[in-house]
Amino acid sequence: MKSKMRRFTWVVVGAGCILAVLLLPQSCRSKTRVQQRTGAAESAVASYVAPGDVDPYYLFYSGGHSGQIYVGGVPSMRHICTIPVFSPYPATGYGFDKETKEMLGEYTWGDAHHPALSETKGDYDGRWLFINDNANNRIARIELRDFKTRQILGPIPNVSGNHGSTFVTPNTEYILAASRFSIPLPKGTMAPIENYASQYKGVVAGISVDPNTGQMALGWEILMPPFNYDLGDAGKMASEGWAFWTCYNAERATGKLEVTATQKDRDYIVAVDWKAAEKAAKEGKVKTIDGVKVIDPKDVQGVVYLLPCSKSPHGVDVSPDGKYIIGSGKLQSITTAFNFEKIKTAIAKKDFSGQEDGIPVLKYESIKDAEINVGLGPLHTQFDDQGFAYTSLFVESAVAKWKLGTWEVVDKIPITYNIGHLATAEGDTVSPDGKYLVALNKLSHGRHLTVGPSQPECSQLIDVSGEKMKMLYEAYTEPEPHYAQIIKADKIKAIEVYQKADSKHPNAIWDVKDARVERKGNNVNVYMAAVRSSFEPNKIEVKQGDRVTIYLTNIEQTTDELHGFGLNEHNINVVVDPGETKVIEFVANKPGVFPFYCTNFCSALHQEMQGYLLVGGGKPGQSQLSKAAGAQQ
Amino acid sequence: MQAFLRKANLFFDLPLTMISRLLIIGSVLILIVTYVTPLWNMAFYSNQYTDGLVLNIYTYKLEGGMSPNRNDLQEINSLNHYIGMRPLLESDFSEFTWLPFVIGALMLLALRAVVIGRMSNLVDVVVLFTYFGLFSLWSFYHRLYTYGHNLDPTAAIKVEPFTPPVFGEKVIANFTVESYPDVAAYALTAFFILLVAAVLFSWRRPIPVRSSVGDEELGYAK
């Protein structure tokens, strides 16, 4: 009995030991690996802007396929307003009046990617904001005087998929543009996809800007091999006069690019001596394709070169002093720093390793200064005032901070999730401010209050003033910011009221006594004033089929006294700011009586601010619903 | 030598005691757990997946973590395709078709030992199980090695070939991978421990006894 007991004890102890050894690692198994949330109070204070106070920085982020620009404040990350650019926006009446309708043309959307603030001597001057349309090859100019889109140029001939845009040269001489999707040129030409490598062409371009008015016009274009041109940046200081674009698909592949365009270990950065391009265009060393001066590198030497860069690069970013060109190959874990001096030397010595369609390829070893091991999926780099660079890491979901010159990675911060671009305060100018970094993250993975499957984008504010980066705050926007720029608030001098004295609109009226309806044949012109709390005239009588033009002036001269003009069942809503005149055009096709009313709340008697459009001379119609019901019976 | 063989024969002929038989029955009951719980569990953590993408390996199926908002197996396969890893497909694992039957056979063999009640039957089960267990661990390692080394050369992202961990933690690209046994593996371990215990509870040291012909030899007291 005793021996049995002892045996039993041994068995239990033995079994226990075996199980313990096996179970031990279970205790180190993690349930979740959550970031530490420390210093919440400190972070809250760092991003707090008290009610009534204003942010020291503006954040302009692109709205992606919403076609708009979002304006925020840094560090509060408050969304302050949306500037409609490529899509109609009833909130501000954009796309409903004559001027903006004509500007939008046949398109009701655009894909707004990379905003560029105008620059003087390589620094933001707060005059204009440019934004590209990747879908319809357009570029828009927003006046920062009143935050309004004033010009849309395009579709730009020969440029197809204007992604590598709108980076500006240091004195806003040119806005960069480039083809993301090579096509046969000129547009309208059909060539079989099998002939892609030879018959399809890419284009990089400089869109000229009038230094006084900001008016954009076609400058020069350069005919390029059928690669996919991705992002760009203009040289500055040491590299002023040059422009750079990354490109992927040096394979000239088609089909499933995810595979076919990722086979080479290196793609290229395109380096354009834009002063040489400008000269060539001026001297007429060009072909004219679809009305644009196009330089063919086969005919004109010394305008364009290719720098081999790590696989499928996304961002190319010029350091504040212009000495380094930073290229990030998104499928590797390194960012490459090219030395601009070495690039010039290599060009002078013809230190080439090959050519592509007549464009010399510089020898990689001769021009690179460093390969910085930043982490997985580097995309885009921005700079601060302390000589540090910040590179977004898409795959790793992090931002790496590293030192220019020593190339040492000094810090890394995780972000949530999958960062695309990033923006530091004035971080792509010759004198960055540092202080703040905004990470523009592609995925939010439901970190926010749930809103169903269609999810917003997450932007995170990071403090970069210290040695270690610190996460401060996060905010959400609609899809989908691709890039943003942060400008010191005092650089922008915006008006809030259009002064009556400055009004040049020939059909504006400034006194309700001038309000009138004039008929010229079938054209009915309405000179209308909006003022708290009425429209004058408040009755417009027309005949069915008349062409109606309303010149609507908001004669208020006080900030925030906006009025809207919504016309029932006519798909019209125009908003007039204080002192603004807008033109509303429509054909009075439907007979009957249609109310119009103020859509933008204005005053205590806002509800009473209304009138009637009376359309006579027709037979009472039948409503759509009644017709549909009739059809069903 | 003769003495040793004699001892061995005596050992293999030992009858199983009631405790041993109960232990075997218990061990067989524990094995039923392997039909409903995972054998092994892998979790992939990264900045994007702080809660980990989970992969549960059963004896008969492969199951990713599932929630209304995420299908982990599909997610793992989507991510792996960038580095050219073959997708993890249940149909690629023949183990899932025969593993449950091997375990069933082991259970039947163990019950056979209970009925026949001979040490040799029990030892058969222990030996077969040991072979089966070691083979399975090797096979698991080999599977992981193959997945991490047969990467499609045309993949968008080129990585050095690797072997995910069989046991413990390893950093692979931006993921920390954890791999540990789960309930079914513990059940199999318990099965083994209980069988060994059953052996010990029936084992007796032979003593010199007088044989029928009057010689003194090793044996057991009547």
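None of these values were measured; they are calculated from a predicted model.

Draft legend 1. Quick look at the overall build of chain A. Each helix and strand counted, chain A has nine helices and 41 strands in total. Dimensions of chain A along its principal axes, counting C-alpha atoms only, are 110 × 90 × 55 Å. Burial status across chain A gives 49% buried among its 633 residues. Intrachain contacts of chain A at a sequence separation of at least 6 include 59% that bridge at least 24 residues.

Draft legend 2. Examining the sheet that holds strand 24 (residues 388-393) of chain A more closely. Residue and element names in this part refer to chain A. The sheet built from four strands is open, its strands ordered 23-24-25-26 with antiparallel pairing. The sheet is open, and its two edges are formed by strand 23 (378-383) and strand 26 (409-414), each paired on a single side. Taken pair by pair, the neighbouring strands of this sheet meet at an average axis angle of 20 degrees, ignoring direction. One ladder, built from six bridges, connects strand 24 with strand 25 (residues 398-403); its direction is antiparallel.

Draft legend 3. Structural view of the confidence of the model for chain B. Averaged over all residues, the pLDDT of chain B is 92; the fraction at 70 or higher stands at 100%. This prediction of the complex comes with two scores: 0.91 for pTM and 0.84 for ipTM.

Draft legend 4. Structural detail: the interface of chain B and chain A. Residue-level contacts link 22 residues of chain B with 27 residues of chain A. The set of elements that each furnish at least two residues to the side of chain B that touches chain A consists of strand 7 (175-181) and helix 6 (183-202) of chain B. Counting residues per element, the side of chain B that touches chain A draws most heavily on helix 6 of chain B, which supplies six residues. Here the residues of the side of chain B that touches chain A are counted per class, giving eleven nonpolar, nine polar and two charged.

Draft legend 5. Spatial organisation of the packing of helix 5 (residues 119-149) of chain B against helix 6 of chain B. Residue and element names in this part refer to chain B. With their axes 10 Å apart at the nearest point, helix 5 and helix 6 run at an angle of 150 degrees to one another. On the basis of their axis angle, the class for helix 5 and helix 6 is roughly antiparallel. Once helix 5 is placed against helix 6, the crossing between them reads as left-handed. Contacts from Met119, Leu122, Val123, Val125, Val126, Phe129 and Gly133 in helix 5 reach Leu188, Phe192, Leu195, Val196, Ala198, Val199 and Ser202 in helix 6. Of the residues contributing to the contact of helix 5 with helix 6, the split by class is twelve nonpolar, two polar and no charged.

Draft legend 6. Structural detail: the pairing of strand 23 of chain A. All names here are of chain A. Taken across its six residues, strand 23 has six buried, putting it largely inside the fold. Judged from the four bridges that link them, strand 23 and strand 24 form a sheet pairing that is antiparallel. Counterpart to Gln382 in the pairing with strand 24 is Tyr390. In this structure, the hairpin formed by strand 23 and strand 24 is closed by a connection of four residues, where Gly387 is found at a positive phi of approximately 85 degrees.

Draft legend 7. Structural context of unusual backbone geometry. All names here are of chain A. With an omega of -5 degrees, the peptide bond running from Leu185 to Pro186 counts as cis. Tracing the backbone shows Pro186 in the loop between strand 8 (174-178) and helix 4 (196-199). Residue Met237 is not a glycine yet carries a positive backbone phi of 45 degrees. With respect to the element layout, Met237 can be found in the loop between strand 11 (228-234) and strand 12 (242-248). For Met237, a count of 16 C-beta atoms within 10 Å corresponds to the partly exposed category. The residue Asn249 is not glycine, and still its phi comes out positive at about 60 degrees. Secondary-structure assignment places Asn249 in the loop between strand 12 and helix 5 (257-260).

Draft legend 8. Representation of the nonpolar core within the structure. In terms of nonpolar packing, the biggest core is built from 129 residues, with A:Ile175, A:Val270, A:Val272, A:Leu307, A:Val399, A:Val438 and A:Ile486 touching the most fellow members. What A:Val399 contacts, discounting residues up to four positions off in sequence, is A:Tyr390, A:Ser392, A:Leu393, A:Lys412, A:Ile413, A:Ile415, A:Ile419, A:Leu422, A:Leu437, A:Ala439, A:Ile462 and A:Met469. Core analysis: the second largest hydrophobic core is formed by 43 residues, B:Val54, B:Leu73, B:Ala184 and B:Phe191 among them.

Draft legend 9. Local environment of the sheet that holds strand 35 (residues 539-543) of chain A. Residue and element names in this part refer to chain A. What the five strands build is an open sheet, ordered 35-41-40-37-38; its pairing is mixed. The open sheet has two edge strands, strand 35 and strand 38 (572-576), and neither has a second partner. The mean angle between the axes of side-by-side strands here comes to 15 degrees, regardless of whether they run parallel or antiparallel. Taken together, the five bridges between strand 35 and strand 41 (residues 610-616) define a ladder with parallel strand orientation. Each residue of the ladder has a partner; that of Lys539, found in strand 41, is Tyr612.

Draft legend 10. Focus on the domain arrangement of chain A. Residue and element names in this part refer to chain A. The assigned domain composition of chain A is domain 1 (56-491) and domain 2 (500-616). The C-alpha-based centres of domain 1 and domain 2 are spaced at 42 Å. Facing the seven residues of domain 1 at the interface are nine residues of domain 2. Considering only residue class, the side of domain 1 that touches domain 2 consists of two nonpolar, two polar and three charged.

Draft legend 11. Examining the packing of helix 2 (residues 18-31) of chain B against helix 4 (residues 95-116) of chain B more closely. Residues and elements named next belong to chain B. As a packed pair, helix 2 and helix 4 sit with axes 9 Å apart at the nearest point and diverge in direction by 165 degrees. By the angle class used here, helix 2 and helix 4 are roughly antiparallel. The element helix 2 and its partner helix 4 pack so that their crossing is left-handed. Residues Arg21, Ile24, Ile25, Ser27, Val28 and Leu31 of helix 2 pack against Ile103, Met107, Ala110, Leu111, Ala113 and Val114 of helix 4. Taken together, the residues that form the contact of helix 2 with helix 4 break down as ten nonpolar, one polar and one charged.

Draft legend 12. Looking closely at the pairing of strand 9 (residues 202-209) of chain A. Residues and elements named next belong to chain A. Where burial is concerned, most of strand 9 is hidden: seven out of the eight residues are buried. Pairing of strand 8 with strand 9 involves five bridges; the strand directions are antiparallel. Looking at the pairing, Ile175 lines up with Ile207 of strand 9. Bridge count for strand 9 against strand 10 (residues 216-224) is eight bridges, and the pairing is antiparallel. Bridge pairing in strand 10 places Gly202 opposite Met224. Between strand 9 and strand 10, which follow one another and run antiparallel, lie six residues, and Gly214 among them has a positive phi close to 80 degrees.

Cut-offs applied
- Residues numbered from 1 in each chain as written.
- Chains lettered and ligands numbered in written order.
- Predicted model: local features only at pLDDT ≥ 70, side-chain atom pairs only at ≥ 80, totals over all residues.
- Helix = DSSP H or I, 4+ residues; strand = E, 2+ residues; numbered from the N terminus.
- Buried ≥ 20, exposed ≤ 12 C-beta atoms within 10 Å, placed from the backbone.
- Contact = placed C-beta atoms within 7 Å.
- Pairing = 2+ DSSP bridges.
- Axes fitted to C-alpha atoms, helices over the stretch in contact; angles between N-to-C directions.
- pLDDT = per-residue confidence, 0-100.
- Nonpolar A, V, L, I, M, F, W, Y, C, P; charged D, E, K, R; others polar.
- Parallel < 35°, antiparallel > 145°, perpendicular 65-115°, else oblique.
- Left-handed = near helix turned anticlockwise from the far one by under 90°.
- Core = buried A, V, L, I, M, F, W, Y, C linked by C-beta atoms within 7 Å.
- Domains from an automatic or database assignment.

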